[in-house]
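A structural walkthrough
Residue-level listing of the chains:
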Amino acid sequence: MGVVAWLKSLFVLQLLIGFVFVVSGLIINFIQLCTCVLWPFNKQLYRKINTRLSYSLWSQLVMLLEWWSGTECMLYTDQATVDKFGKEHVIIILNHNYEIDFLCGWTMCERYGILGSSKVLAKHELLKVPLIGWTWYFLEIVFCKRKWEEDRDTVFSGLNRLRDYPEYMWFLLYCEGTRFTEKKHQISMQVAESKGLPKLKYHLLPRTKGFTTTLQCLKGTVKAVYDVTLNFKDKQNPTLLGIVNGKKYKADLSVRRFPVEEIPDDEKECADWLHKLYQEKDALQEHYEKEGCFPGPTIEPKRRVWTLLNFLFWATLLLSPLINFAWDVFVSGSPLLIIGFMIFLIVASVAVRRLIGVTEVKKTGSSYGNTEAKKEN
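Calculation notes
- Residues numbered from 1 in each chain as written.
- Predicted model: local features only at pLDDT ≥ 70, side-chain atom pairs only at ≥ 80, totals over all residues.
- Heavy atoms only, no water.
- 1 Å grid on protein atoms, 1.4 Å probe; cavity = no way out; pocket = protein on both sides within 12 Å on 5 of 7 lines; lining within 4 Å.
- Points joined across faces, edges and corners; volume = space filled by probe spheres on them.
- Helix = DSSP H or I, 4+ residues; strand = E, 2+ residues; numbered from the N terminus.
- Nonpolar A, V, L, I, M, F, W, Y, C, P; charged D, E, K, R; others polar.
- Core = buried A, V, L, I, M, F, W, Y, C linked by side-chain atoms within 4.5 Å.
- Buried < 20%, exposed > 50% of the residue type's maximum accessible area, 1.4 Å probe, protein only.
- Expected span 1.5 Å × (residues − 1).
- Bend = angle between axes of the 7 residues up to and from the residue.
- Pairing = 2+ DSSP bridges.
- Contact = heavy atoms within 4.5 Å.
- Axes fitted to C-alpha atoms, helices over the stretch in contact; angles between N-to-C directions.

1. Details of the layout of surface pockets
Approximately 570 Å³ is the volume attributed to the largest pocket. If you go around the largest pocket, you meet 21 residues; those closest to its centre are Asn 97, Tyr 98, Asn 231, Gln 236 and Glu 289. Listed by contribution, the elements that provide at least two residues to the lining of the largest pocket are strand 6 (224–232) and helix 11 (267–291). With three residues, the top contributor of residues to the lining of the largest pocket is helix 11. A breakdown of the residues in the lining of the largest pocket according to their chemical character gives six nonpolar, eight polar and seven charged. Roughly 330 Å³ of volume is contained in the second largest pocket. Looking at the second largest pocket, it is lined by 19 residues, and the ones nearest its centre are Tyr 137, Glu 140, Ile 141, Phe 143 and Arg 161. At the level of elements, helix 6 (132–138), strand 4 (142–144) and helix 7 (148–161) are the ones that each hand at least two residues to the lining of the second largest pocket. Counting residues per element, the lining of the second largest pocket draws most heavily on helix 7, at six residues. Partitioned by chemical class, the residues of the lining of the second largest pocket number ten nonpolar, four polar and five charged.

2. A few points about the nonpolar core
Core analysis: the largest hydrophobic core is formed by 100 residues, its most contacted members being Trp 136, Trp 170 and Phe 211. It is helix 3 (residues 43–68) that provides the largest number of residues to this core, a total of ten residues.

3. So, helix 3
The terminal C-alpha atoms of helix 3, which comprises 26 residues, lie 36 Å apart, in line with the 38 Å expected from a rise of 1.5 Å per residue. Its maximal kink placed at Val 62, helix 3 deviates by approximately 35°. Phi for Gly 70, located one or two positions after helix 3, is positive at around 75°.

4. Some points on the sheet that holds strand 7 (residues 250–259)
The eight strands lie next to each other as 4-3-5-2-6-7-1-8, forming an open sheet whose pairing is mixed. Strands at the two margins of the open sheet, each flanked by one partner only, are strand 4 and strand 8 (298–299). Relative to strand 8, strand 1 (residues 72–76) runs antiparallel, the two being bridged by two bridges. Residue Tyr 76 lies in a different strand from strand 8, and its bridge partner there is Thr 298. Taken strand by strand, helix 7 contacts strand 4 and strand 5 (170–173), and its axis lies near 170° from that of strand 4.

And the structure:
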């Protein structure tokens, strides 16, 4: 193990990075709360401010992927598609197989200047997660409970509210509804068989309601749908904890652009279009399994320095007083102060670990396969 790799594995350094993220996030959330007074008077100014505040938080996670772990991201697409990145409102369809698939998506958003304005159709439970859910709330993220009878009004109103969003946005959809596991895949393929649909090998059966509703509400605003299929070299199974430990991964993303004019307006035909798309995504994954790459030309977008500079700003602002305080505590010789500070470090480490746990496949609960879940499509 080299010196740099050893340093990245040190728990104290990882804890300091987590401290910067958590405390800066709380500061950003407080500023976002203060900006709410702008909403009644200037909604677009509120949005532009919150776009930049969210960038300041999310880019710290992108920094971990790009600069701390050194993970590489390769696009398999044509230059004409890349030329449109960051210059139009779009819907992104991404497979949901890995713990860090969202982070790879955010990395692409950052490299094309739209990380702060990226959107997602998120499960309602995430609203309660500190920093993540709170920041999303101020960004007007659409939360749903995955029960259409309860979600209908909330989803329609949330999506329609985004039609006049002032910044270019990428609206991310995980159409499978939950992260891929073998157990969920078995249940999903039983549903496919009962509905007479072709079985998928690398994906779950897509839930069409979220896609058709999003496209219906945002049509006229979004110009295209980007189909993104993600995989990793050498059959790697990346985790956020691995990123924190400085492990390097190599991500490949196949990107295809579909103008909204090519997608049927009729809900059933649109649902059929999505099922066909997932059959094509499955074929892409089969090609990757055999060849170790996706078909087509490759483009490697360069990482930008802004994520690193943003983290260094927050680290300088927050770590200097923390280190000075820690030094004063230990030189004081007071057992009470030292024990109190150690308890603070333990609580901080547990908090950071719980945030990481939100992304772990084995801890992502789902009602997939339940009777109510099957009613959603």
